[in-house]
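Listed here are the chains, written in short residue letters.
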Amino acid sequence: MRKVAWGAVQSLGAGAFSEKQLPLSGPPTQTGAMEEELKCPVCGSLFKDPILLPCSHNVCLGCARNITVQTPEGETPVQSRASGSSDYDYLDMDKMSLYSETDSGYGSYTPCQLKSPNGVRVFPPAIPHRQCTLTCPLCHRSVSLDERGLRGFPRNRLLEAIVARYQQTRAASSSSSNAVKCQLCDRNPVDAAVMCEQCDVYYCNACQQRCHPSRGPLAKHRLVPPPNKAVGGGASGGGGGQQPPATARKPATCVDHEAENFSMYCSSCKAPVCMKCLEEGKHAKHDVKPLAVMWKQHKCQLSQALNGVSDKAKDAKEFLVQLKNMLQQIQENGVEFEACLVAQCDSLIEALTRQKAKLLTKVTKEKEYKLKVVRDQITHCTMKLRQTTGMMEYCLEVLKENDPSGFLQISDALIKRVTSSQDQWVKGALEPKVGPDFDLTLNTDSLLQTILQLDFCQGKDVQENPKLKQMQEAGSGEAEMETESPGVEPRPSVPPAPLLQLEKCCTRNNSATLAWRVTMPIINPIEGYILELDDGNGGQYREVYVGKETVCTVDGLHFNSSYNARVKAYNSIGVGPYSKTVMLKTSDVAWFTFDPTSAHRDIVLTNDNQTVSCNSYDDRVVLGTAAFSKGIHYWEVSIDRYDNHPDPAFGIARINTMKDMMLGKDDKAWAMYVDNNRSWFMHNNSHTNRAEGGITKGSTVGVLLDLTKRTLTFYINKEQHGPTAFENLDGVFVPAVSLNRNVQVTLLTGLEVPKNIKQ
């Protein structure tokens, strides 16, 4: 992201800039946002003696000496390749590297062991009879040096003054604050002893020895005292020490006439000139104007340009306020909606509780009635049995008597009494009047089905449809639904056609989500649903889901395809009719991120899984979330960080490729690995098609997967790199990248397919 200069940041939202408003002198108020603008692209430290290149970029004078290149006389300088490499090919030196590298493509030859802290090669002294050229490390434009050498480039006095003010402000801020603490101490951090300019981390002596030893790749990092110590002790280290107070600068003098001050400005050369240059006729036919006039004119143009930036920044600030207010509104509405939902559910629970109490009362009454009937029957039967038993014992005693005349006196009455007692035990007298089972039956299947299918849309329909609400109350036992034909029981039937909820049906990438519901009440509960999709070309339908859920997401569809979907329900009676058909179109291009679930444990994902880095010096693989089996797909990877000339790999792979080695080492990946100078294609550990041209920070690597032609092609900075890499590809592939801790990349998706494809 491009940083905004502190002068512009101060006036964000002001609406206008004038010459008096521009902070041309005085300390900055927001130096942190400007620091990246004040760092040399070669050494990574604050500019020291900056010189202005013809491309308007700046480098330190010492760094310019380091990156100066000698080429044989009569040859043109080596221009930067489309890959945007930060290092350069040097004819004879590159030929030497051919003998030190194997055909596998691993390793790179460094002509000189000296390097700057930022990883740019430092070359030996110039060879006689060679032309000196200098290539800008940012835009890679090359320029030849004349007999004046680096003195031919103007010194950027304005940038030098801003750096000096920035160092003074940072030193003053550091001296007024407490001592900087170590950032790696677990408990009770102690005062920091050093700071790494490349890592931007403060270390105490113990943590520096343990976590940042001065060996291996870390030996190239520059360790400086922290700002508070640099100020107090006068130590120097790459911009960390105290600078002398700013003094009035002397007027700039002409490079060709050092005794002459600049007084005019050549609009044709876009450079200030002195009077002697005009007298010598160097700018005779050029548009030359007074320096003060052009200074004021350009300041006015810059002020007008800042006006536009200020307006945009003001709009952005208002937009941020709007988004923050929306966050608050969403929070408040969410709490209110949750409270409303809880209240509605509580009312349902309360109604169900009341109905449960009513049903329990009915059950209790039924139970008490049965108990009373049985107890009364027991009492009555016990009394009759006691009477009958007493009479039987009496009759037995009468039968034991031997007096005929006495027996005949009472026998007639006794026989009538026994006969009458026998008639009391008629049929049914010895049968229970009630049974132990309860005749109450509670059917909750339809109500349970309604509850399980309850969602917000359905809840709204229930409120607007009194008849459906009455049906639900009938299911709970509180009321009975009135039908158009009273007295006629409805017949069991198959479920009606479900209604597809178009407001909930959507597609994302190559996935489709469908939702449906049943609006008509039915006697037999629904047991499940069957969702069918065609093949994306109007072909036959096939079942993709069978179950009880009313929402289903189908993954793995083809990109840029239109699918027809339909659903039907079934119950114990049979299968119902289909719903109306809905058409869903998948995305034209693939939008995806890196997959954290399948990535190696050393992989670190940030920026919503779009940026990837690694904690290991070994290569680790991370895959994308999209899978391709049809169509043409193109994506790019932007190089955010590139240190010490590693060779990351980009391409495609199967889902089960190895994650702990370079991409393309096994037979399940097809990749191109590339360093700062050249690249190779690799599959199943076979290296082919070495191509010149590499990558650096800011480069982009494109991957074109054409499954209609079954080919894989690579691009660097929008230009095809080498021939078609792989052919005869078949199956399902996912995007893949392998890298180590020296590289950080960001994934760019949803891009159009390049047109300039070479065979």
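Cut-off values and rules
Residues numbered from 1 in each chain as written. Predicted model: local features only at pLDDT ≥ 70, side-chain atom pairs only at ≥ 80, totals over all residues. Heavy atoms only, no water. Axes fitted to C-alpha atoms, helices over the stretch in contact; angles between N-to-C directions. Helix = DSSP H or I, 4+ residues; strand = E, 2+ residues; numbered from the N terminus. Parallel < 35°, antiparallel > 145°, perpendicular 65-115°, else oblique. Left-handed = near helix turned anticlockwise from the far one by under 90°. Contact = heavy atoms within 4.5 Å. Nonpolar A, V, L, I, M, F, W, Y, C, P; charged D, E, K, R; others polar. Pairing = 2+ DSSP bridges. Salt bridge = Lys/Arg side-chain N within 4 Å of Asp/Glu carboxyl O. Buried < 20%, exposed > 50% of the residue type's maximum accessible area, 1.4 Å probe, protein only. Phe/Tyr/Trp six-rings, centres within 6.5 Å; stacked < 30°, edge-to-face > 60°. Core = buried A, V, L, I, M, F, W, Y, C linked by side-chain atoms within 4.5 Å. Expected span 1.5 Å × (residues − 1). Bend = angle between axes of the 7 residues up to and from the residue. pLDDT = per-residue confidence, 0-100. Lys, Arg positive; Asp, Glu negative; His and termini not counted.

This brings us to the packing of helix α8 (residues 291-399) against helix α9 (residues 404-424). Where α8 contacts α9, the two axes come as close as 11 Å, and the packing angle between them is 155 degrees. If you check the angle between α8 and α9, you find them roughly antiparallel. The element α8 and its partner α9 pack so that their crossing is left-handed. Between α8, through K384, T388, M391, Y394, C395, V398 and L399, and α9, the contact on the second element is made entirely by F407, I410, L414, R417, V418, S421 and Q424. Split into classes, the residues belonging to the contact of α8 with α9 amount to nine nonpolar, three polar and two charged.

This next bit is on the sheet that holds strand β18 (residues 562-570). A sheet is described by the order of its strands in space; here four strands give the open sequence β16-β15-β18-β19, paired in antiparallel fashion. Each edge of the open sheet is held by one strand with a lone partner, namely β16 (542-547) and β19 (582-585). Taken pair by pair, the neighbouring strands of this sheet meet at an average axis angle of 30 degrees, ignoring direction. Across five bridges, strand β15 (residues 528-533) lies against β16 in antiparallel orientation. Residue I530 lies in a different strand from β16, and its bridge partner there is V546.

The tally for this structure, following the rule as stated, stands at 17 salt bridges. In this structure, D618 and R620 form a salt bridge, with 3.9 Å as the shortest nitrogen-oxygen distance. A relative accessible area of 47% means that D618 is categorised as partly exposed. Take R620: its relative accessible area is 12%, and that puts it in the buried class. Across the pair K668 and D667 runs a salt bridge whose closest N-O atoms are separated by 3.4 Å. One network of salt bridges, with partners in common, ties together E35, E36 and K39.

With that settled, the discussion passes to the packing of aromatic side chains. Tallied over the full model, the rule gives 11 aromatic pairs. Judged by centre distance (5.4 Å) and plane angle (80 degrees), the ring pair of W670 and F733 falls under edge-to-face. A residue pair is termed long-range when its members are at least 10 positions apart, and W670 in strand β25 (residues 669-674) and F733 in the loop between β30 (719-720) and β31 (734-739) qualify at 63 residues. Of the two residues examined, W670 and F733, each falls in the buried class.

Glancing now at the nonpolar core. It is characteristic of soluble globular proteins that their nonpolar side chains tend to be buried jointly. Counting 39 residues, the largest nonpolar core has F628, F650, L705, L712 and V745 as its most contacted members. No other element matches strand β23 (residues 632-642), which puts four residues into this core. Residues within four places of L705 in sequence aside, it is in contact with F628, G631, I632, H633, W635, I652, T711, L712, L729 and F733. Membership of the second largest hydrophobic core comes to 23 residues, among which are F47, L134, L150 and F153.

What follows is about the sheet that holds strand β32 (residues 743-748). Adjacent strands of a sheet form backbone hydrogen bonds with each other and so pair up, either parallel or antiparallel. Strand order across the open sheet formed by seven strands is β20-β21-β32-β23-β28-β29-β30, with antiparallel pairing between neighbours. Both edges of this open sheet fall to β20 (603-606) and β30, since each of them pairs with a single strand only. Relative to strand β29 (residues 711-716), strand β28 (residues 700-706) is paired through six bridges, and the arrangement is antiparallel. When the bridges of β29 are listed, V703 appears paired with F714.

With that out of the way, let us pick up α9. Helix length check: α9 (21 residues) gives 30 Å between terminal C-alpha atoms against 30 Å at 1.5 Å per residue, within 8%. The largest bend in α9 comes to about 40 degrees, at S411. Every buried residue of α9 is accounted for by S411, L414 and S421. In this structure, the buried side of α9 is in contact with α8.

Quick look at the pairing of β20 now. It is a general feature of regular strands that their side chains alternate between the two faces of the sheet. Side-chain alternation along β20 places I603 and L605 on a buried face and V604 and T606 on a face that remains uncovered. Pairing analysis gives four bridges linking β20 to strand β21 (residues 611-614), with the strands arranged antiparallel. Across the sheet, the residue bridging to L605 is V612, located in β21.

It is worth spelling out the environment of M583 at this point. Positionally, M583 belongs in strand β19. M583 sits in the exposed class, given a relative accessible area of 56%. Along the chain, M583 and N564 lie 19 residues apart, while their C-alpha atoms are 4.5 Å from each other. In this view, M583 contacts S562, Y563 and N564; residues no more than four positions away in its chain are not counted.

Taken over all residues, the pLDDT of the protein chain has a mean of 78, while the share at 70 or more is 78%. The least confident element of the protein chain, judged by mean pLDDT, is helix α3 (residues 92-98) at 35; the most confident is strand β24 (residues 649-653) at 96. Counted against residues more than four places away or in other chains, residues 1-30, with its pLDDT under 50, gives 52 contacts. Segment residues 78-127: pLDDT under 50, and 124 contacts once partners within four positions in sequence are set aside and those in other chains are kept.

Structurally, the position occupied by V69 is in strand β3 (residues 68-72). With a relative accessible area of 7%, V69 lands in the buried category. When the C-alpha positions of V69 and C132 are compared, they lie 5.6 Å apart, and in sequence the two are 63 residues distant.

Phi at N560 takes a positive value of approximately 55 degrees, unusual for a residue other than glycine. Looking at where N560 falls in the secondary structure, it is placed in the loop between β17 (551-554) and β18. Judged by its relative accessible area of 47%, N560 falls in the partly exposed class. Of note, the phi angle at N717 is positive, near 55 degrees, even though the residue is not glycine. Among the secondary structure elements, N717 is positioned in the loop between β29 and β30. For N717, a relative accessible area of 22% corresponds to the partly exposed category.

For the rest of this paragraph, the subject is the side chain of D595. By the secondary structure assignment, D595 is in the loop between β19 and β20. K659 provides the closest opposite charge to the buried, unpaired D595, separated from it by 8.3 Å. Aside from chain neighbours lying at most four places away, what touches D595 is L605, V622, L623, G624 and T625.

Glancing now at the pairing of β29. Within β29, six of the six residues are buried, which leaves it mostly tucked inside the rest of the structure. Both faces of β29 are covered, namely the face carrying T711, T713 and Y715 and the face carrying L712, F714 and I716. In this structure, the hairpin formed by β28 and β29 is closed by a connection of four residues, where R710 is found at a positive phi of approximately 60 degrees. When β29 meets β30, the two strands line up antiparallel, connected through two bridges. Paired with I716 across the two strands is E719, which belongs to β30. The antiparallel pairing of β29 with β30 creates a hairpin that spans two residues between the two strands, and N717 there sits at a positive phi of about 55 degrees.

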